[in-house]
Amino acid sequence: MNKSDKILVAGVSGMVGSAIIRNLVKKGFNNLVGTYHSSILEEQKNMPVRHLKADLTNQATVKELFETQRPAHVFLAAARVGGIHANNTYPAQFIHDNLAIQTNIIHSAYVHKVERLLFLGSSCIYPKNTPQPMKEEHLLTGILEPTNEPYAVAKIAGIKMCEAYNRQYGTRFMAVMPTNLYGPNDNFDLDTSHVLPALIRKFHQAKQDNAPTVTIWGTGSPMREFLHVDDMADASVFIMSLPDSTADRHLASYPSPCFVNVGTGTDCTIKELALTIKRAVGFKGDLVFNSSKPDGISRKLLDVSRLEKLGWSASIPLDQGIRSTYDWFMK
Ligand code: GFB
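The rules we used
- Residues numbered from 1 in each chain as written.
- Predicted model: local features only at pLDDT ≥ 70, side-chain atom pairs only at ≥ 80, totals over all residues.
- Heavy atoms only, no water.
- Near = heavy atom within 4 Å.
- Polar contact = N/O pair within 3.5 Å; in protein donor to acceptor, adjacent residues only side chain to side chain.
- Areas by Shrake-Rupley, 256 points an atom, 1.4 Å probe, with all protein chains shown as cover.
- Helix = DSSP H or I, 4+ residues; strand = E, 2+ residues; numbered from the N terminus.
- Phe/Tyr/Trp six-rings, centres within 6.5 Å; stacked < 30°, edge-to-face > 60°.
- Buried < 20%, exposed > 50% of the residue type's maximum accessible area, 1.4 Å probe, protein only.
- Lys NZ or Arg CZ within 6 Å of the ring centre and 35° of its normal.
- Expected span 1.5 Å × (residues − 1).
- Pairing = 2+ DSSP bridges.
- Axes fitted to C-alpha atoms, helices over the stretch in contact; angles between N-to-C directions.
- Contact = heavy atoms within 4.5 Å.

1. Looking at the site of the ligand
Then, number 1: Near the ligand lie 22 residues; those nearest to it are I84, K202, R224, P294 and D295.
Then, number 2: W217 has a polar backbone atom sitting 2.9 Å from a nitrogen atom of the ligand.
Then, number 3: Note that an oxygen atom of the ligand is positioned 2.7 Å from one of the side-chain N or O atoms of R224.
Then, number 4: Notes on the ligand: free accessible area 700 Å², of which the protein chains cover 98%.
Then, number 5: Of all the secondary structure elements, the ones that give two or more residues to the shell around the ligand are helix 3 (84-89), helix 6 (195-209) and strand 8 (213-217).
Then, number 6: Among the elements that take part in the shell around the ligand, helix 6 stands out by supplying three residues, more than any other.

2. Considering the packing of aromatic side chains
Then, number 1: Inspection of the entire model under this criterion finds nine aromatic pairs.
Then, number 2: Look at Y110 and Y165: their rings are 5.5 Å apart centre to centre, the planes differ by 80 degrees, and that puts the pair in the edge-to-face class. You can see Y110 sitting in helix 4 (residues 91-111) and its partner Y165 sitting in helix 5 (residues 149-169), a full 55 residues away along the chain.
Then, number 3: Here Y165 falls in the buried class, since its relative accessible area comes to 13%.
Then, number 4: Seen in terms of ring centroids, Y326 and F329 are 6.5 Å apart; in terms of plane orientation they differ by 20 degrees. Their pairing is stacked. Within this pair, Y326 and its partner F329 are both found in helix 11 (residues 318-330), separated by three residues, close to a single helical turn.
Then, number 5: Exposure remark for Y326: the relative accessible area of 7% places this residue in the buried category.
Then, number 6: A relative accessible area of 23% places F329 in the partly exposed class.
Then, number 7: Three or more aromatic residues joined by ring pairs form one cluster here, namely Y110, Y165, Y169 and F173.
Then, number 8: Positioned above the aromatic ring of W217 is the side chain of K293, whose terminal nitrogen or guanidinium carbon lies 5.0 Å from the ring centre.

3. Focus: helix 7 (residues 229-240)
Then, number 1: Taking 1.5 Å per residue, 12 residues should reach 16 Å; helix 7 reaches 16 Å between its end C-alpha atoms and fits that length.
Then, number 2: For helix 7, a buried count of nine out of 12 residues is recorded, marking the element as mostly surrounded by other parts of the structure.

4. Let's talk about the side chain of E136
Then, number 1: As for its position among the elements, E136 is in the loop between strand 5 (116-120) and helix 5.
Then, number 2: Engagement of the side chain of E136 in a polar contact is seen with the backbone nitrogen of N261, the distance being 2.8 Å.

5. Quick word on the pairing of strand 11 (residues 259-262)
Regular strands place their side chains on alternate faces of the sheet.
Then, number 1: The alternating pattern of strand 11 places F259 and N261 and V260 and V262 on opposite faces, both of which are buried.
Then, number 2: Bridge count between strand 6 (residues 173-178) and strand 11: four bridges; the pairing is parallel. By the bridge assignment for strand 11, P178 is matched with V262.

6. Details of the side chain of T130
Then, number 1: Residue position: T130 is located in the loop between strand 5 and helix 5.
Then, number 2: By relative accessible area, which is 6% here, T130 ends up buried.
Then, number 3: For T130, the side chain forms a polar contact with the main-chain oxygen of P127, separated by 2.4 Å.

7. What about helix 4?
Then, number 1: The terminal C-alpha atoms of helix 4 lie 30 Å apart, and with 21 residues this matches the ideal 30 Å at 1.5 Å per residue to within 8%.
Then, number 2: For helix 4, the complete set of buried residues consists of F94, D97, N98, A100, I101, Q102, N104, I105, I106, S108 and A109.

8. Comments concerning the sheet that holds strand 5
Then, number 1: With respect to topology, seven strands assemble into an open sheet ordered 3-2-1-4-5-6-11, the strand pairing being parallel. If you trace the sheet from one side to the other, it starts and ends with strand 3 (49-53) and strand 11, each paired once. Within this sheet the neighbouring strands show an average axis-to-axis angle of 20 degrees, counted without direction.
Then, number 2: As judged from the four bridges shared by strand 4 (residues 73-76) and strand 5, these two strands associate in the parallel manner. What sits directly across from F75, in strand 5, is L118.
Then, number 3: Packed on one face of the sheet, helix 2 (residues 59-69) meets strand 1 (7-10), strand 2 (32-36), strand 3 and strand 4 and runs near 155 degrees to strand 3.
Then, number 4: On top of the sheet, helix 4 reaches strand 1, strand 4, strand 5 and strand 6; it is set at about 170 degrees to strand 4, its chief contact.

Dropping the structure here:
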């Protein structure tokens, strides 16, 4: 990617898309277009980015977007995302919206000869009984975790679509599989959020109310790996900036898998996470576990050696990331 190449970031008002735009602006890319679904963020109002409102589930809209914008590179960060409860409650919307968005964009990127596309996936693509840490080669080796199977199937379809287009059409479409992400512009709605923002909000509320306890869903024993979204954005721009020969050798040309894991390589239990957030927020009460809520998959730690060999590793420690995210939430 050259600094003046036209780069389209789809999903710019989401946590990941907004972090990618911040990273690109910081690195001096100066021909940026971002699509958003309902409104742009306050932080984006003065950014040197052309913002376009678009419903990316609509095929005609995406066709017109590519015909008029003609981007050289695309970051596909637009998606319907949510935590365990949202995935379990709205499975039809999770599979439909994600399949529609990614199908429309990946196909249009091929039609309009986009040089590189980066598809954002998720660590939930791996089977529920995958050996830990999970390697890229474990994809499609077993059954999926039921709480997010429709979302995972959509993300697997996105990977396979990128690989099929690379194989048949010689495109350079790649994908990144992040572990559980958190950071600024996360969703803090208790019904639809992931665990980390949910617990920041719950502990903060309990501290304000002088409540004696905070309720944690599930048993607290599942293990999760958490990556700050600024690290994720940096990894995404790193992958898109790889020299052609490296990208082709490792990702973008068939038969190599087009995707790479992005994580920290370390995980913790939900109980340990809760205690870290409790400390950061300064809540003095106790934790209560509600085991009538689902635990989801017992563990999903990513093997990040492939990405490390390419030359990138995470740099934001979890306790520091939680403190800065809490500061952001307070503002
Ligand atoms: O982050 P989370 O919603 O999703 O939940 P997954 C992780 C763990 O935290 C589960 C527990 O064991 C939850 O039961 N948990 C405890 C809570 N308290 C809470 C709470 O207040 N809110 C939430 N949300 N969880 C998602 C997938 O799985 O991971 C998505 O559903 C996606 O598809 C994402 O892949 C990365 O980690 O279980």
